[in-house]
Amino acid sequence: MSRTVTVKNVIIGEGTPKICVSLVGATLSDLKQEAAALKALAPDLVEWRADFFEQVEELEAVMDALGVIRALLPDLPLIFTFRSAKEGGEKEISTGDYIALNKAAAASGLVDIIDVELFNEEEDVRVLIAAAHDNNVFVILSNHDFHGTPPKEEIISRLRKAQELGGDLPKIAVMPGSPADVLILLAATHMMKEEYADRPIITMSMAGSGVISRLAGEIFGSALTFGAAYRPSAPGQVGIRELREVLALLHRSL
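Residues numbered from 1 in each chain as written. Predicted model: local features only at pLDDT ≥ 70, side-chain atom pairs only at ≥ 80, totals over all residues. Heavy atoms only, no water.

1. Some words on helix α4 (residues 122-134)
For α4, spanning 13 residues, the distance from its first C-alpha to its last is 18 Å, which sits close to the expected 18 Å at 1.5 Å a residue. Of all the residues in α4, the buried ones are Val125, Leu128, Ile129, Ala131 and Ala132. Down the axis of α4, the sector holding all buried residues measures 160°, keeping them to one side. Exposed residues on α4 whose side chains face more than 90 degrees from its buried face are Glu123 and Asp134. Where the residues of α4 are buried, they touch α3 (95-107), β6 (113-117) and β7 (138-145). Looking at the residues trailing α4, positive phi occurs at asparagine 136, about 60°. (Helix = DSSP H or I, 4+ residues; strand = E, 2+ residues; numbered from the N terminus. Expected span 1.5 Å × (residues − 1). Buried < 20%, exposed > 50% of the residue type's maximum accessible area, 1.4 Å probe, protein only. Arc of directions from axis to C-beta. Contact = heavy atoms within 4.5 Å.)

Here it is as structure tokens:
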């Protein structure tokens, strides 16, 4: 049985999948408005998608923005994510800048989790995981495949690799070309959870046809789902209020 990950008072991997909402403001003013409005929606976790931030290549501005977000949302677990363009993000930065950015976030004392992309050089991944763990910060080790849905065995292989490298929350998101692809993702999630996982995992099939995967995590084994507040950060995200209602309905049925 997979162990849980507790971040602040949120237990990931137990009961209903936890709901995360992303901040995607381009400016500090935008982020302040988003963070303030997010309080009323009461997600379980908040992710700052720093790749949307127009000053992301200015480390001091990023740290200042992190401080503002943390001050506005002091009690919510905060995920720091720079999603690279090759995995569906808003921009690309150098490997050196990517490492420096994530190291600074991990050492800031302002974030609880950083998201590291699995398909970086393995040594760079290990360095970032070590830097995070040295600062008592958890790591989502993620892969986003916008080109399609790999075979079930490949999805499981990537999740197992993320686990073996020391990611606290292995994550994969894939793009379905048909309903059959969504079934592949769900079957891979179930098998990973039942046969290999020793920690919570996060999986999703994107776009409209993959919405069911964002709702049925408790059944198949995904411990966290991403909902939309105002602007989705990925295709197929459901509004947080509707998402919470469906997750609760499914939970009561189990």
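2. Overview of the packing of helix α1 (residues 28-41) against helix α2 (residues 59-72)
Contact geometry of α1 with α2 gives a least axis separation of 9 Å together with a crossing angle of 20°. Comparing their axes, α2 and α1 come out roughly parallel. Read as a crossing pair, α1 and α2 show a hand that is right-handed. Taking contact as the criterion, the partners of Leu28, Leu31, Lys32, Ala35 and Lys39 in α1 are, on α2, Ala65, Val68, Ile69 and Leu72. (Axes fitted to C-alpha atoms, helices over the stretch in contact; angles between N-to-C directions. Parallel < 35°, antiparallel > 145°, perpendicular 65-115°, else oblique. Left-handed = near helix turned anticlockwise from the far one by under 90°.)

3. Focus: the UniProt feature "active site" (unreviewed entry) in the protein
As annotated in UniProt, the feature "active site" (unreviewed entry) corresponds to His144 and Lys171 in the numbering used here. These annotated residues cover 28 residues of sequence, and their C-alpha atoms lie no more than 8.4 Å from one another, placing them together at a single site. Looking at the secondary structure, you find histidine 144 in strand β7. Each residue touching histidine 144, except ones within four places of it in the same chain, is listed here: Arg83, Glu87, Lys171 and Ala173. Of note, lysine 171 is situated in strand β8 (residues 169-174). Using a relative accessible area of 6% as the deciding quantity, one classes lysine 171 as buried. Lysine 171 has contacts with Arg83, Asp115, Ile140, Leu141, Ser142, Asn143, His144, Leu159, Ile202, Met204 and Phe226, leaving out every residue within four places of it along the chain. (UniProt positions renumbered as here; feature names shortened; annotations may be inferred.)

4. A look at the sheet that holds strand β5 (residues 78-81)
With parallel pairing, nine strands are arranged side by side in an open sheet as β9-β8-β7-β6-β5-β4-β3-β10-β11. A strand with exactly one partner marks an edge of an open sheet, and here the two such strands are β9 (202-205) and β11 (238-239). Relative to β5, strand β4 (residues 45-49) runs parallel, the two being bridged by four bridges. Across the sheet, the residue bridging to valine 46 is leucine 78, located in β5. Lying over the sheet, helix α5 (residues 152-164) contacts β7, β8 and β9, oriented at roughly 150° with respect to β8. (Pairing = 2+ DSSP bridges.)

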